[in-house]
Amino acid sequence: MLKLYNFGTSVCSVKVRIGMAEIGLDYEDIQINLQKGEQFAPEFMALNPSAAVPVLIDDGMIIVESSLILEYLDRIYNASNLMPKDRAAEVEARHWLLRCIAIHAAANTLTFSTVNRSRSLASKTPEEIEAGIAKMPDPVNQIKRRDLYAQGLKSPYVAQALMHLRRAFADMDAALSKGDWITGPDFGISDIALVSYVDRFERLGFEGLWQDSTPRVGEWLAAMQARQSYTDEVLGKIDPKGAASMRETGSEFWPELEGIWNAIT
Ligand SMILES: N[C@@H](CCC(=O)N[C@@H](CS)C(=O)NCC(=O)O)C(=O)O
């Protein structure tokens, strides 16, 4: 049986779980609690030295990177039915799978510079925060995390994240002007790959990122949220109290974030 190492609220995990639900794949669900630091356990880091979820195990083969996992599952277990057949649309879909790396980095930046920063500063000592950061295997990710905690929304990583998101939402909106789904008339792998990130921005109370300038993104998100896979893999696996608290805290940052967003072209 497929084994998926994942964590309930992690956007990259949600992405793969939604894909597995859409394909109709059962799996052994192995939870790695990122808040408790279980990603740094030597047994888990032997599977993924980057100390990150998701990790898929298929017949002993270890597969990391959520976009790669999605593409693999669709190809091996779903006759590539989620990949567009049209050549240009397939290139678009593969480009979105690659762009997820920058979009994920943006989700990470906006989560850690706002809600996670507030929570950590309120509940941990500076030494505890630093000890957590020091466990991150990538020294550049450590620098980023320190900066997000030190500067919050004033960090240059925030401007970088917003630059990627401006382009991504504009491209999504343009794509959605031609069809109901990201790569055309058929629901596909790009829709699955993108939804967890956009959903996270909404959960942070940041839907102003698309409401006025790229409204098709919001309509598409609502269509994705109406699918059974979203009900099962997001609503069914996220603590409603935690979700309400994320939105309440995140919304307090929106006025400041909106000012930075409006300055990004
Ligand atoms: N590009 C990777 C990113 C994986 C990643 O960073 N996952 C996050 C959760 S969404 C994680 O496990 N972070 C570890 C941590 O917070 O320490 C992918 O798409 O799979």
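Everything numeric in this text was worked out from a predicted model, so none of it was measured.

All right, on to the sheet that holds strand E1 (residues 3–6) then. The 4 strands are arranged E2-E1-E3-E4 in an open sheet whose pairing can be described as mixed. If you trace the sheet from one side to the other, it starts and ends with strand E2 (28–31) and strand E4 (61–64), each paired once. Pairwise comparison of adjacent strand axes, ignoring direction, gives a mean angle of 20° for this sheet. Pairing geometry for strand E3 (residues 55–58) and E4, over 4 bridges, is antiparallel. Counted as the bridge partner of Val 55 is Val 64 from E4. Strands in contact with helix H1 (residues 11–23) are E1 and E3; relative to E1, the strand with the most contacts, it is inclined by about 150°. Running over the sheet, helix H3 (residues 66–77) touches E3 and E4 and is turned about 130° from E4.

Leu 73, Leu 110, Leu 165, Phe 169, Phe 201, Leu 209 and Trp 220 are the most contacted members of the largest nonpolar core, which has 74 residues in total. The element best represented in this core is helix H4 (residues 87–112), accounting for 9 residues. A domain split of this core shows at least three residues from each of domain 1 (3–77) and domain 2 (87–263). For Leu 209, the residues in contact, after removing those within four places along its chain, are Leu 110, Leu 162, Leu 165, Phe 169, Phe 201, Thr 214, Trp 254 and Trp 261.

Here we take up the side chain of Ser 113. Tracing the sequence through the fold places Ser 113 in the loop between H4 and helix H5 (115–123). For Ser 113, a relative accessible area of 1% corresponds to the buried category. For Ser 113, the side chain forms a polar contact with the main-chain oxygen of Thr 109, separated by 2.7 Å. When near neighbours in sequence (up to four residues on either side) are disregarded, Ser 113 contacts Leu 148, Gly 152, Leu 153, Val 158 and Phe 253.

Around the ligand, the structure places 13 residues, and the nearest of them are Gln 39, Ala 52, Val 53, Glu 65 and Ser 66. The separation between an oxygen atom of the ligand and a polar side-chain atom of Gln 39 is 2.7 Å. About the coverage of the ligand: the protein hides 80% of its 520 Å² of free accessible area. Here the residues of the shell around the ligand are counted per class, giving 8 nonpolar, 4 polar and 1 charged.

Close contact between helix H6 (residues 126–134) and helix H7 (residues 139–151) brings their axes to 9 Å; oriented N to C, the two are set at 155°. Taken together, the axes of H6 and H7 lie roughly antiparallel to each other. In the crossing of H6 with H7, the sense of the turn from one axis to the other is right-handed. Residues Ile 129, Glu 130, Ile 133 and Ala 134 of H6 form the contact with H7, whose participating residues are Gln 142, Arg 145, Arg 146 and Tyr 149. For the contact of H6 with H7, the residue count by class is 4 nonpolar, 1 polar and 3 charged.

What follows covers the environment of Asp 26. Relative to the helices and strands, Asp 26 is located in the loop between H1 and E2. As a C-alpha pair, Asp 26 and Trp 210 span 184 residues in sequence and 34 Å in three-dimensional space. Ignoring sequence-local partners within four residues, the contact set of Asp 26 consists of Met 1 and Leu 2.

What follows covers the domain arrangement of the chain. Per the domain assignment, the segments making up the chain are domain 1 (3–77) and domain 2 (87–263). Centre-to-centre, using C-alpha coordinates, domain 1 lies 19 Å away from domain 2. Each partner contributes residues to the interface: domain 1 has 24 residues there, and domain 2 has 23 residues. Between domain 1 and domain 2 lies a buried interface of about 2,000 Å² when both sides are counted; carbon and sulfur atoms form 67% of it. When the buried surface of domain 1 facing domain 2 is broken down by residue, Val 11, Ile 18 and Glu 22 rank first, second and third, together holding 29% of it.

About the cut-offs
Residues numbered from 1 in each chain as written. Predicted model: local features only at pLDDT ≥ 70, side-chain atom pairs only at ≥ 80, totals over all residues. Heavy atoms only, no water. Pairing = 2+ DSSP bridges. Helix = DSSP H or I, 4+ residues; strand = E, 2+ residues; numbered from the N terminus. Axes fitted to C-alpha atoms, helices over the stretch in contact; angles between N-to-C directions. Contact = heavy atoms within 4.5 Å. Core = buried A, V, L, I, M, F, W, Y, C linked by side-chain atoms within 4.5 Å. Buried < 20%, exposed > 50% of the residue type's maximum accessible area, 1.4 Å probe, protein only. Domains from an automatic or database assignment. Polar contact = N/O pair within 3.5 Å; in protein donor to acceptor, adjacent residues only side chain to side chain. Near = heavy atom within 4 Å. Areas by Shrake-Rupley, 256 points an atom, 1.4 Å probe, with all protein chains shown as cover. Nonpolar A, V, L, I, M, F, W, Y, C, P; charged D, E, K, R; others polar. Parallel < 35°, antiparallel > 145°, perpendicular 65-115°, else oblique. Left-handed = near helix turned anticlockwise from the far one by under 90°. Buried area = accessible area lost by both parts, 1.4 Å probe.

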